[in-house]
Amino acid sequence: MNAIKRKTMPVRFQRRLAWLCVIGWGALVMPAAAWAQAQVQLGSLGPPSNASYLLPIIKAYGLDKKHGIELTNALYPDPSNLYTDFAAHRFPVTVGGFFNAANFYTRGMKIKLLTTLATANHAIVAKGDIKTAADLSGKRLAATTGSGFYALAQIYFRQHGLDTRQNLSIVPGAPVAVQTQLLAGRADAGLLYEPLLSNMLNQGYQPVGDMNGDIRKELKLPPSAPIWFIGIMAWQDWIDEDPARPVKLMEMLQDAVAVYDSKPAEVDPLISEFAKVPVAALKSSRERGLSAFKVVPAIQERETIDALLAGFKSVEFIQAVPDAGIYYTWPNLPR
């Protein structure tokens with residue numbers, strides 16, 4: 001969930017576009033007995049971000065109706081506007097980075113982390129002799145420096161004694177620009193995430209080292225610990241208004257993940273049409289484990305999430321690691 005500046009589209013138009021998406025999705029998924037449904041207004045980064053991959057599955061399989069939900073989706077082309085509108089309480093629930101939730105909470109916003117959703121799907125890629133972290137010394141790295149993935153990259157650099165002020169030259173740019181810099185030879189390596197990452201790997205680029213493995217080492221996490229990156233957060237007043245609603249939301253997402261995992265031949269064409277990502281890239285992403293989803297109560301993963309947030313703080317990407325109050329305590333812990 002990384003900040004992408006869109007200079008060609010005014011902010012007011014981006015927001016209007018996002019809410020047109022709300023109206024469009026609402027019309028498509030509105031159940032006949034809407035009055036009996038739990039209202040869930042969900043903000044999310046739109047395609048091609050994999051944060052939105054579950055939405056066409058929910059629609060096609062009627063998973064919102066199954067769980068008694070009236071689902072509307074605010075799809076944003078720019079994460080900065082997504083978080084601005086969530087902070088302004090224009091919608092009550094959003095898909096977002098755990099580090100974003102930490103910044104909201106420590107600044108006094110009454111929000112809760114509900115569930116996990118996906119792990120980090122990033123890598124530094126290059127061609128030729130750049131294969132390990134040590135090979136990056138003295139090289140030009142294209143990266144989106146305002147993104148959470150860049151914060152994770154700095155943790156990775158620290159594990160290998162790399163310093164962006166001394167032995168690594170950073171070429172800043174939005175994700176698409178990172179890809180362009182690589183292809184044009186204006187950068188030796190690039191930090192990318194899905195779906196652009198699979199696209200570059202399919203063009204013969206290779207991952208540089210084991211980024212997630214080295215982040216685990218640097219943060220003293222077990223070798224099997226997930227590198228959690230995005231989850232679901234909600235305003236406390238929305239939760240209090242109907243405590244059954246977060247449970248329905250989580251169970252709907254869990255069912256969507258089960259379909260995503262078990263029926264790739266059915267759902268990848270749906271995702272491809274919705275997100276405008278080639279089926280071949282989706283298949284590659286699955287094979288490499290880059291677009292894996294897991295929805296469980298965030299509080300169950302508190303130890304790992306807190307360790308990762310401590311890493312974000314150590315590279316000055318967040319101000320503080322939030323206390324336990326950020327986690328929603330489920331009254332009857334669901335599956």
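Nothing here was measured: the structure is a model prediction, and the numbers come from that model.

Undergrad: Describe the pairing of strand E1 (residues 38–45), naming the residues involved and giving the relevant values.
TA: Walk down a regular strand and you will see the side chains alternate between the two sheet faces. Counted residue by residue, E1 has 6 buried out of 8 residues, so it is predominantly covered. Sheet topology note: the E1/strand E3 (residues 93–97) ladder contains 2 bridges and is parallel. Note that in E3 the partner of Leu 42 across the bridge is Val 93.

Undergrad: Give me the confidence of the model for the protein chain: which residues, what numbers.
TA: The pLDDT averaged across the protein chain works out to 88; a share of 88% of its residues lies at or above 70. Between residues 1–9, whose pLDDT stays under 50, and residues either more than four places distant or in other chains, the model counts 31 contacts. Contacts for the low-pLDDT stretch residues 16–35, under 50 throughout, to residues beyond four places or in other chains number 37 contacts.

Undergrad: Account for the packing of helix H6 (residues 148–159) against helix H14 (residues 302–314), with residues named and values stated.
TA: When two helices pack together, you describe them by how their axes are tilted relative to each other and by the distance separating the axes. Where H6 meets H14, the axes come as close as 9 Å, and the angle between the chain directions of the two elements is 85°. Accordingly, the angle class assigned to the pair H6 and H14 is roughly perpendicular. Contacts from Gly 148, Ala 151, Leu 152, Ile 155 and Arg 158 of H6 reach H14 at Gly 311, Phe 312 and Ser 314. Counted by class, the contact of H6 with H14 contains 4 nonpolar, 3 polar and 1 charged residues.

Undergrad: So what's going on with the packing of aromatic side chains? Residues and values would help.
TA: For any pair of aromatic rings, geometry is given as the distance between the ring centres together with the angle between the planes. If you walk through the whole model with that rule in mind, you get 14 aromatic pairs. Ring geometry for Phe 86 versus Phe 91: centroids 6.0 Å apart, planes at 40°, classification tilted. What makes Phe 86 buried here is its relative accessible area of 0%. What makes Phe 91 buried here is its relative accessible area of 1%. Their ring planes at 15° and their centres at 4.6 Å tell us that Phe 149 and Tyr 193 sit as a pair that is stacked. Placement of Phe 149 in helix H6 and of Tyr 193 in strand E8 (residues 189–193) is noted, with a sequence separation of 44 residues between them. In this pair, the class of Phe 149 matches that of Tyr 193, namely buried.

Undergrad: Describe helix H9 (residues 211–218), listing the residues and the values that go with them.
TA: Counted residue by residue, H9 has 6 buried out of 8 residues, so it is predominantly covered. Every buried residue belonging to H9 is among Met 211, Asn 212, Gly 213, Asp 214, Ile 215 and Arg 216, and all of these are buried. Contacts made by the buried residues of H9 are with strand E5 (122–126), H6 and E8. Two residues or fewer after H9 comes Lys 220, characterised by a positive phi angle close to 60°.

Undergrad: Account for the nonpolar core, with residues named and values stated.
TA: If you look at the biggest cluster of nonpolar residues, it comprises 96 residues, and the most contacted ones within it are Leu 54, Ile 57, Leu 114, Ile 124, Leu 136, Phe 157 and Leu 249. Each residue touching Phe 157, except ones within four places of it in the same chain, is listed here: Ile 124, Leu 136, Leu 141, Leu 162, Thr 164 and Leu 168.

Undergrad: Explain unusual backbone geometry to me, using residue names and the numbers behind them.
TA: Of note, the bond from Pro 47 into Pro 48 is cis; its omega dihedral lies within 30 degrees of zero at 10°. If you trace the backbone, Pro 48 turns up in the loop between E1 and helix H2 (54–61). The residue after Glu 194, namely Pro 195, is reached through a cis peptide bond having omega 0°. Locating Pro 195 in the fold gives a position in the loop between E8 and helix H8 (196–201). At Lys 276, a position not held by glycine, the phi torsion is positive, near 60°. By the element assignment, Lys 276 lies in the loop between helix H12 (264–275) and helix H13 (279–288). Positioned with a positive phi, Glu 316 is a non-glycine residue whose angle comes to about 60°. Along the chain, Glu 316 falls in the segment after H14.

Procedures and definitions
Residues numbered from 1 in each chain as written. Predicted model: local features only at pLDDT ≥ 70, side-chain atom pairs only at ≥ 80, totals over all residues. Heavy atoms only, no water. Buried < 20%, exposed > 50% of the residue type's maximum accessible area, 1.4 Å probe, protein only. Helix = DSSP H or I, 4+ residues; strand = E, 2+ residues; numbered from the N terminus. Pairing = 2+ DSSP bridges. pLDDT = per-residue confidence, 0-100. Contact = heavy atoms within 4.5 Å. Axes fitted to C-alpha atoms, helices over the stretch in contact; angles between N-to-C directions. Parallel < 35°, antiparallel > 145°, perpendicular 65-115°, else oblique. Nonpolar A, V, L, I, M, F, W, Y, C, P; charged D, E, K, R; others polar. Phe/Tyr/Trp six-rings, centres within 6.5 Å; stacked < 30°, edge-to-face > 60°. Core = buried A, V, L, I, M, F, W, Y, C linked by side-chain atoms within 4.5 Å.

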